[in-house]
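What the coordinates show
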Amino acid sequence: MSDTLINIADLNVSFGDAHILRDVDLRLERGRTVGIVGESGSGKSTLAKAMVGTVKPSSGELWVAGLDVRSATRRELARYRRSVQMIPQDPFSSLSPRQTVGQTLAEAVDPRRARVAHHTDLIAHWLERVGLDADMIHRYPHEFSGGQRQRIALARGLIVEPELVIADEITSALDVSVQSQILDLLDEIRQSLGLTMAFISHNLAVVQRVSDDVMVLYQGQVVEAGPVAQIYSDPQHWYTRRLLAADPGSPTFSIG
Ligand SMILES: Nc1ncnc2c1ncn2[C@@H]1O[C@H](COP(=O)(O)OP(=O)(O)O)[C@@H](O)[C@H]1O
Ligand SMILES: [Mg+2]
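Quick look at the structure, then. Computed from a prediction, not measured in an experiment: that's the story for all the values here.

1. A word on the sheet that holds strand E10 (residues 221-227)
Taken in spatial order, the six strands of this open sheet run E6-E7-E8-E3-E9-E10, and their pairing is mixed. Here the strands that pair on one side only, and so sit at the sheet edges, are strand E6 (84-87) and E10. Across the sheet, the mean angle separating the axes of adjacent strands is 15° when strand polarity is ignored. Across five bridges, strand E3 (residues 33-37) lies against strand E8 (residues 197-201) in parallel orientation. Residue Val-34 lies in a different strand from E8, and its bridge partner there is Ala-198.

Okay, structure coming up:
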């Protein structure tokens, strides 16, 4: 059995006349994290959507977790979408305001019945795993800060033990200090659980903190890819150098 979890080759995505992704290649081994970086509009979220099967490529190979996503049946895709969890950017709109944290997590575990009482121990475990208190299980999203909501979103993604986590700009809406705490948590969790992750950000410094490999997207094309240390110490492409030169300490609020 191969240890390759993502195998993408020559992937193209167009919206009408607009060519959004061009000949994208991406290979990721199990247990590793690839950082996907590029400025707003470079095609990062489109690539994420292609990986979960909600955007249809016009050509190329797209295999994730043993599934040929492009030719998968609806039934295969339904099961697949459980094993590939997308953590969304916006912690304010991604959680239902009318559901307690417990209900949200119970629904992730068992979408049909979602009985909190049946999964209390599991939910408590994951709340604590992301740095929250188990007794927060009965609270509503509005009772939490942005950073805490992003922890809840993370718990919701992890509680189903996915084969792949796709995190799309999950710290972009947060203050820098909160951003830093979430990145520390994510780095600790991915290492201890051996997660396989695609971590998307417009900020190269952010990507560096949680990635093994980096892929740089510019106008829908991969301009540079490799191990994180190599990209940071010896960037080959002018665009990577430009991203590196951007002040890593300064807060950026662009929505990518
Ligand atoms: N559904 C869509 N229809 C048409 N154009 C789209 C659609 N989604 C994204 N785009 C365009 O594709 C380009 C890449 O978008 P996106 O993948 O969201 O970039 P990023 O996540 O890197 O900011 C942008 O120019 C965007 O306007
Ligand atoms: Mg995006």
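2. Points about the site of ligand 1
Taken together, eleven residues form the shell around ligand 1, and within it Gly-41, Gly-43, Lys-44, Ser-45 and Thr-46 come nearest. A distance of 2.7 Å separates an oxygen atom of ligand 1 from a polar atom in the backbone of Gly-41. Note that an oxygen atom of ligand 1 is positioned 3.1 Å from one of the backbone N or O atoms of Gly-43. Among the elements that make up the shell around ligand 1, the one with the highest residue count is helix H1 (residues 44-52) (three residues).

3. Topic: the sheet that holds strand E5 (residues 67-68)
Sheet strands pair via backbone hydrogen bonds, and the direction of the pair is either parallel or antiparallel. Strand order in the open sheet made by the four strands is E2-E1-E4-E5, with antiparallel pairing throughout. Among the strands making up the open sheet, the edge pair consists of strand E2 (18-29) and E5. Two elements, strand E1 (residues 4-15) and E2, share eight bridges in a ladder whose sense is antiparallel. Residue pairing across strands places Thr-4 opposite Glu-29, the latter belonging to E2. In the packing of H1 onto the sheet, the strands contacted are E1, E2 and strand E4 (59-64), and the crossing angle to E1 comes to about 120°.

4. Considering the pairing of E8
For a regular strand, side-chain orientation follows a simple rule: the groups alternate between the two sheet faces. Of all the five residues making up E8, five are buried; the element is thus mostly covered by neighbouring parts of the structure. Neither face of E8 is left uncovered, since the one carrying Met-197, Phe-199 and Ser-201 and the one carrying Ala-198 and Ile-200 both have all their residues buried. Judged from the four bridges that link them, strand E7 (residues 164-168) and E8 form a sheet pairing that is parallel. Opposite Asp-168, over in E8, you have Ile-200 as the bridge partner. Taken together, E7, helix H6 (residues 176-193) and E8 form a β-α-β motif whose crossover is right-handed.

5. Quick look at the side chain of Arg-151
Topologically, Arg-151 is positioned in helix H5 (residues 146-158). Although Arg-151 is buried, it makes no salt bridge; Glu-188 carries the closest opposite charge, 8.2 Å away. Leave out the neighbours within four places in its chain, and Arg-151 touches Val-130, Gly-131, Leu-132, Gln-181, Ile-182 and Leu-185.

6. Thoughts on the pattern of salt bridges
A pair can form between side chains of opposite charge whenever their charged atoms are brought close. Tallied over the entire structure, the rule returns nine salt bridges. Of the charged contacts, one joins Glu-188 and Arg-129 as a salt bridge, the two residues approaching to 2.9 Å between their closest N and O atoms. Of this pair, Glu-188 sits in helix H6 while Arg-129 is found in helix H4 (residues 120-129), placing the two residues 59 residues apart along the sequence. With relative accessibility at 38%, the residue Glu-188 sits in the partly exposed group. In this structure, Arg-190 engages Asp-212 in a salt bridge whose closest nitrogen and oxygen atoms are separated by 3.1 Å. Here the residue Arg-190 occupies a position in helix H6, and Asp-212 occupies one in the loop between helix H7 (204-210) and strand E9 (213-218), the gap between them amounting to 22 residues. The class for Arg-190 is buried, based on a relative accessible area of 8%. Several salt bridges share partner residues, and in doing so they unite Asp-187, Arg-190 and Asp-212 into one network.

7. Regarding the packing of aromatic side chains
The final tally for this structure, using the stated rule, is three aromatic pairs. Each ring, one from Tyr-218 and one from Trp-238, has its centre 5.3 Å from the other, and the planes form 80°; the classification is edge-to-face. With a gap of 20 residues between them, Tyr-218 in strand E9 and Trp-238 in helix H9 (residues 238-245) connect regions that are remote in the sequence. Between Tyr-218 and Tyr-239, the ring centres sit 4.4 Å apart and the planes meet at 40°, which makes this aromatic pair tilted.

8. Description of the environment of Trp-126
One can find Trp-126 in helix H4. With 26 residues separating them along the chain, Trp-126 and Ile-152 place their C-alpha atoms 8.8 Å apart. In contact with Trp-126, other than residues within four places in its own chain, are Ala-155, Leu-158, Ile-159 and Leu-193.

Here is what the cut-offs are and how they apply
- Residues numbered from 1 in each chain as written.
- Chains lettered and ligands numbered in written order.
- Predicted model: local features only at pLDDT ≥ 70, side-chain atom pairs only at ≥ 80, totals over all residues.
- Heavy atoms only, no water.
- Pairing = 2+ DSSP bridges.
- Helix = DSSP H or I, 4+ residues; strand = E, 2+ residues; numbered from the N terminus.
- Axes fitted to C-alpha atoms, helices over the stretch in contact; angles between N-to-C directions.
- Near = heavy atom within 4 Å.
- Polar contact = N/O pair within 3.5 Å; in protein donor to acceptor, adjacent residues only side chain to side chain.
- Contact = heavy atoms within 4.5 Å.
- Buried < 20%, exposed > 50% of the residue type's maximum accessible area, 1.4 Å probe, protein only.
- Right-handed = clockwise from strand over helix to strand, strands pointing away.
- Lys, Arg positive; Asp, Glu negative; His and termini not counted.
- Salt bridge = Lys/Arg side-chain N within 4 Å of Asp/Glu carboxyl O.
- Phe/Tyr/Trp six-rings, centres within 6.5 Å; stacked < 30°, edge-to-face > 60°.

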